[in-house]
Amino acid sequence: STSTPGLRAFEHHMNLLRDAGYEIRERSLTPDIAALHRNLAIFQRYELAQVHASWWMEYSALYRPRTAAAIQDGQRITSDQYRAATSWRAAFRNRLADTMSTTGIDIWVTPSAAGLPPLGLSSTGDAVMSAPFSFAGLPAVSLPAPNPQGGMCFGLQCVAAAHQDRELLTYA
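Conventions adopted
Residues numbered from 1 in each chain as written. Predicted model: local features only at pLDDT ≥ 70, side-chain atom pairs only at ≥ 80, totals over all residues. Heavy atoms only, no water. Helix = DSSP H or I, 4+ residues; strand = E, 2+ residues; numbered from the N terminus. Buried < 20%, exposed > 50% of the residue type's maximum accessible area, 1.4 Å probe, protein only. Contact = heavy atoms within 4.5 Å. Lys, Arg positive; Asp, Glu negative; His and termini not counted. Charge placed at Lys NZ, Arg CZ, Asp CG, Glu CD. Pairing = 2+ DSSP bridges. Axes fitted to C-alpha atoms, helices over the stretch in contact; angles between N-to-C directions. Expected span 1.5 Å × (residues − 1). Patch = residues over 30% accessible without salt bridge, like charges linked within 9 Å, V, L, I, M, F, W, Y side chains within 5 Å. Areas by Shrake-Rupley, 256 points an atom, 1.4 Å probe, with all protein chains shown as cover. Salt bridge = Lys/Arg side-chain N within 4 Å of Asp/Glu carboxyl O. Core = buried A, V, L, I, M, F, W, Y, C linked by side-chain atoms within 4.5 Å. Phe/Tyr/Trp six-rings, centres within 6.5 Å; stacked < 30°, edge-to-face > 60°. pLDDT = per-residue confidence, 0-100.

Side note on the overall build of the chain
A tally of regular secondary structure across the chain gives six helices and three strands. Along the chain, from the amino end to the carboxyl end, the secondary structure elements read α-α-α-α-β-α-β-β-α. C-alpha atoms of the chain, sized along the principal axes, occupy 60 × 40 × 30 Å. By residue count, 31% of the 172 residues in the chain fall in the buried class. Long-range contacts, defined here as pairs at least 24 residues apart, represent 65% of the contacts in the chain between residues at least 6 apart. Computed over 14 positive and 14 negative side-chain charges, the inter-centroid distance for the chain is 4 Å.

Brief notes about the sheet that holds strand 2 (residues 140-145)
The three strands are arranged 1-3-2 in an open sheet whose pairing can be described as antiparallel. Looking at strand neighbours, the two that pair on one side only are strand 1 (108-111) and strand 2, the edges of this open sheet. When strand polarity is set aside, the average angle formed by the axes of neighbouring strands in this sheet is 25 degrees. Here strand 2 runs beside strand 3 (residues 154-159); their pairing, made up of six bridges, is antiparallel. Paired with Val-141 across the two strands is Cys-158, which belongs to strand 3. Together, strand 1, strand 2 and strand 3 form the strand contacts of helix 1 (residues 5-19), whose direction differs from that of strand 3 by roughly 55 degrees.

Focus on helix 4 (residues 79-103)
Residue pairs spaced three or four apart in an α-helix point in one direction, given the helix's 3.6 residues per turn. The end-to-end C-alpha separation of helix 4 is 36 Å, in line with the 36 Å expected for 25 residues at 1.5 Å each. Within helix 4 the residues assigned to the buried category are Tyr-82, Ala-85, Phe-92, Leu-96, Met-100 and Thr-103. On its buried face, helix 4 sits against helix 2 (33-59), strand 1, helix 5 (131-136) and strand 3. Once helix 4 ends, the next one or two residues include Gly-104, with phi positive near 75 degrees.

Observations concerning a nonpolar patch on the surface
Together, Val-51, Trp-55, Tyr-59 and Leu-62 line one region of the surface with nonpolar side chains, adding up to about 440 Å² of accessible area. As for its placement among the helices and strands, Val-51 is situated in helix 2. For Val-51, a relative accessible area of 51% puts it in the exposed group.

Side note on the nonpolar core
Leu-96, Trp-108, Phe-133 and Leu-138 are the most contacted members of the largest nonpolar core, which totals 19 residues. Where this core is concerned, the elements lending two or more residues are helix 2, helix 4 and helix 5. Setting aside its immediate chain neighbours within four residues, Leu-138 contacts Arg-93, Leu-96, Phe-133, Val-159, Ala-160, Ala-161 and Ala-162. Ala-9, Met-14, Ala-145 and Leu-156 belong to the second largest nonpolar core, which has six residues in total.

Overview of the packing of aromatic side chains
Across all of its chains, the model carries seven aromatic pairs by this definition. Geometrically, the ring pair formed by Tyr-46 and Tyr-82 is stacked, given 4.2 Å between the ring centres and 20 degrees between the ring planes. Taken together, the residues Tyr-46 in helix 2 and Tyr-82 in helix 4 connect sequence positions 36 residues apart. Both residues of the pair, Tyr-46 and Tyr-82, belong to the buried class. The interplanar angle of 20 degrees and the centroid separation of 5.3 Å between the aromatic rings of Trp-88 and Phe-92 together place this pair among those described as stacked. Of this pair, Trp-88 and Phe-92 both sit in helix 4, four residues apart, roughly one helical turn. On the basis of relative accessibility, which here comes to 23%, the residue Trp-88 falls in the partly exposed class. Linked through ring pairs, Phe-43, Tyr-46, Tyr-82, Trp-88, Phe-92 and Phe-135 together constitute an aromatic cluster.

Let's talk about the confidence of the model for the chain
In this model, the chain carries a mean pLDDT of 88, and residues with pLDDT of at least 70 account for 95%. Mean pLDDT across the elements of the chain ranges from a minimum in helix 1, with 86, to a maximum in helix 3 (residues 65-75), with 97.

Here you go:
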């Protein structure tokens, strides 16, 4: 039995899929979370700084503080650090592809976020569940799913292998 409402809602929908005839294979996807977040931050900030390089000198005062800080962080990242993050990303993507291939996974199905969605418009929730797949460059779609305990819907994230966008949309 799971301990959070979000996990209970997810398990409920996995049971509905089982009852509808889908084969559900539970797999643990436990990447080195610290390495994932470190490499993702390097990748994102480096590219952010590159994209904004031509505008930064003239318009830096107009950027929101959080964006400005991310650009400044990206300016300090070396091309060697970026290449290393890119290599880590490729190895991680290959590991996901190998796992899908060797275990017969067509589509990963995960919660879209770590818990139920927050009320209001100030946040969409924690992106921790989508970060691994997004960084790996895999196609993903999040579908609203009714919360069996009532209240706001939560998201079911469906993720396919690289370049399998059409297959993903067929399953979704």
